[in-house]
Amino acid sequence: MSATLIDGKAFAAMIRGKVADHVARLKKEQELTPGLAVILVGEDPASQVYVRSKGKQTTEVGMNSFEHKLAANTSEAELLALIQQLNANPEVHGILVQLPLPDHLDEDLVINSIDPAKDVDGFHISNVGLLGTGQKSMVPCTPLGCLMMLRDHHGSLSGMNAVVIGRSNIVGKPMAQLLLGESCTVTVAHSRTKDLADVVRRADIVVAAVGRPEMVPGDWIKPGATVIDVGINRIEAPEKGEGKTRLVGDCHYTSCAEVAGAITPVPGGVGPMTIACLLANTLTAACRANGLPEPDGLTV
Ligand code: NDP
């Protein structure tokens, strides 16, 4: 293996440390405790794990965590009423609605009812528009984490060819906007892209956000390129025993690492950065809401 490993776990720990230091200062000097409210509707097991983890890490950095667990049959009116209440609560600086929502709830309507200033996921249409026009916004956590790692590794990204594979609203599109903002030449690939291998081979930076296990092989990677693997896919792992599974990314790690200049692993790459950036966004929102300077290096 020749690639440098970009250690998302260590990077995320460093971000959480920065957030915790700043929160401690806000408490002492401003008597302000940033607060994050997380709403979970239903009992999806994966969502329950994410919400637990978010709550734990929120309190570990010294912020207030408000968890709202609602029954799967909660009506849209009830959910919107809770969001209005949180919008109006000055102790709540960030609001996150765990997705996916049960089918009877309109995801766009729910997300767009969050006060954009408290929209720490960065999914509100106002934040999407602000990001797209290069204005100060709340930036979606996963692409923000990817950008932080890229900036840390490269310094300036100006003029680099970046290929983002995937065009979802939560990863691919905001990632492309962020890279454009860094003056990269950006290509967004998707399921209809022709000659994807050739497109990827031109990239100095590859961000893979597809959801297909090990889809990108090493021979698609330009020698020395930086590979950011967003994918989280669980596959069977008979080598670990019957019925066992393991997590892999969208890139074939071993072959990509032989060619790339730098690469994020799965697990331990982008994943840990996502929650760290959620905490960073909550802190940023608390500072903005109170007219205080924003901490350095925790947003774009
Ligand atoms: P989506 O399913 O919303 O989007 C996947 C994208 O990949 C689509 O744009 C789709 O194209 C494209 N795609 C599918 N098949 C191909 C193909 N054969 N070639 C090229 N493009 C293809 O996924 P998400 O963006 O939500 O998530 C992507 C991955 O990232 C998942 O594995 C998810 O688990 C992971 N993830 C990880 C996070 C983290 O914290 N690390 C956070 C969020 C997601 P089209 O639009 O044409 O259908």
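Thresholds applied
Residues numbered from 1 in each chain as written. Predicted model: local features only at pLDDT ≥ 70, side-chain atom pairs only at ≥ 80, totals over all residues. Heavy atoms only, no water. Helix = DSSP H or I, 4+ residues; strand = E, 2+ residues; numbered from the N terminus. Rg over C-alpha atoms; globule rule 2.2 N^0.38 Å. Buried < 20%, exposed > 50% of the residue type's maximum accessible area, 1.4 Å probe, protein only. Contact = heavy atoms within 4.5 Å. Areas by Shrake-Rupley, 256 points an atom, 1.4 Å probe, with all protein chains shown as cover. Lys, Arg positive; Asp, Glu negative; His and termini not counted. Charge placed at Lys NZ, Arg CZ, Asp CG, Glu CD. Near = heavy atom within 4 Å. Polar contact = N/O pair within 3.5 Å; in protein donor to acceptor, adjacent residues only side chain to side chain. Nonpolar A, V, L, I, M, F, W, Y, C, P; charged D, E, K, R; others polar. Disulfide = S-S within 2.5 Å. Domains from an automatic or database assignment. Pairing = 2+ DSSP bridges. Salt bridge = Lys/Arg side-chain N within 4 Å of Asp/Glu carboxyl O. Expected span 1.5 Å × (residues − 1).

S.K.: Any details on the overall build of the chain? Residues and values, ideally.
M.R.: Regarding its fold elements, the chain presents 10 helices and 11 strands. Scaling as 2.2 N^0.38, a compact globule of 300 residues should have a C-alpha radius of gyration of about 19 Å, and the chain matches this with 19 Å. With the principal axes as the frame, the chain shows a C-alpha extent of 50 × 45 × 35 Å. Counting the 300 residues in the chain, one finds 48% classified as buried. For the chain, contacts bridging at least 24 residues in sequence account for 68% of all contacts bridging at least 6. Of the roughly 13,900 Å² that the chain leaves accessible, carbon and sulfur atoms contribute 51%. One finds the centroid of the 26 positive side-chain charges in the chain at a distance of 3 Å from the centroid of its 33 negative side-chain charges.

S.K.: A description of the site of the ligand should follow, citing residues and the corresponding values.
M.R.: Neighbouring the ligand are 22 residues, the closest being Arg167, Ser168, Ser191, Ile232 and Thr274. Arg167 has a polar side-chain atom sitting 2.7 Å from an oxygen atom of the ligand. Per-element accounting of the shell around the ligand gives the leading share, three residues, to helix α10 (residues 270–289). Of the residues in the shell around the ligand, the class split is 10 nonpolar, 10 polar and two charged.

S.K.: Lay out the state of the cysteines with the relevant residues and their values.
M.R.: Each disulfide consists of one covalent bond between the sulfur atoms belonging to two cysteines. Applying the stated criterion across every chain, the model contains zero disulfides. Cys251 provides the cysteine sulfur closest to Cys256, a residue in no disulfide bond, and the two sulfurs are 4.9 Å apart.

S.K.: Which residues make up the domain arrangement of the chain, and what values do they have?
M.R.: With domains assigned, the chain is organised as domain 1 (30–117) and domain 2 (141–272). Here the C-alpha centre of domain 2 lies 29 Å away from the C-alpha centre of domain 1.

S.K.: Can you explain the pairing of strand β7 (residues 205–208)? Please cite residues and give values.
M.R.: The side-chain alternation of β7 yields two buried faces, one formed by Ile205 and Val207 and the other by Val206 and Ala208. Bridging between strand β5 (residues 161–165) and β7 involves four bridges; their strand directions are parallel. Bridge pairing in β7 links Ile165 to Ala208. The pairing of β7 with strand β8 (residues 226–229) spans four bridges and is parallel. Within the sheet, the bridge partner assigned to Ile205 lies in β8 and is Thr226.

S.K.: Explain the sheet that holds β5 to me, using residue names and the numbers behind them.
M.R.: Taken in spatial order, the six strands line up as β1-β11-β8-β7-β5-β6 in an open sheet, and their pairing is parallel. Each having just a single partner strand, β1 (4–5) and β6 (185–189) make up the two edges of the open sheet.

S.K.: Tell me about the pattern of salt bridges, and name the residues and values.
M.R.: Considering all chains together, one arrives at eight salt bridges under this definition. Two residues, Lys136 and Glu294, come together in a salt bridge whose shortest N-O distance is 3.1 Å. Residue Lys136 is found in the loop between α5 (125–132) and α6 (141–154), and its partner Glu294 is found in the segment after α10; the two are separated by 158 residues along the sequence. Residue Lys136 is classed as exposed on the basis of its relative accessible area, which comes to 57%. When its relative accessible area of 22% is taken as the criterion, Glu294 is described as partly exposed.

S.K.: Describe helix α3 (residues 76–88), with residues and values.
M.R.: Between its first and last C-alpha atoms α3 spans 18 Å; for 13 residues at 1.5 Å apiece the expected length is 18 Å, and the two agree. On the buried face of α3, the contacting elements are β2 (35–41), β3 (64–70), β4 (94–97) and α4 (107–111).

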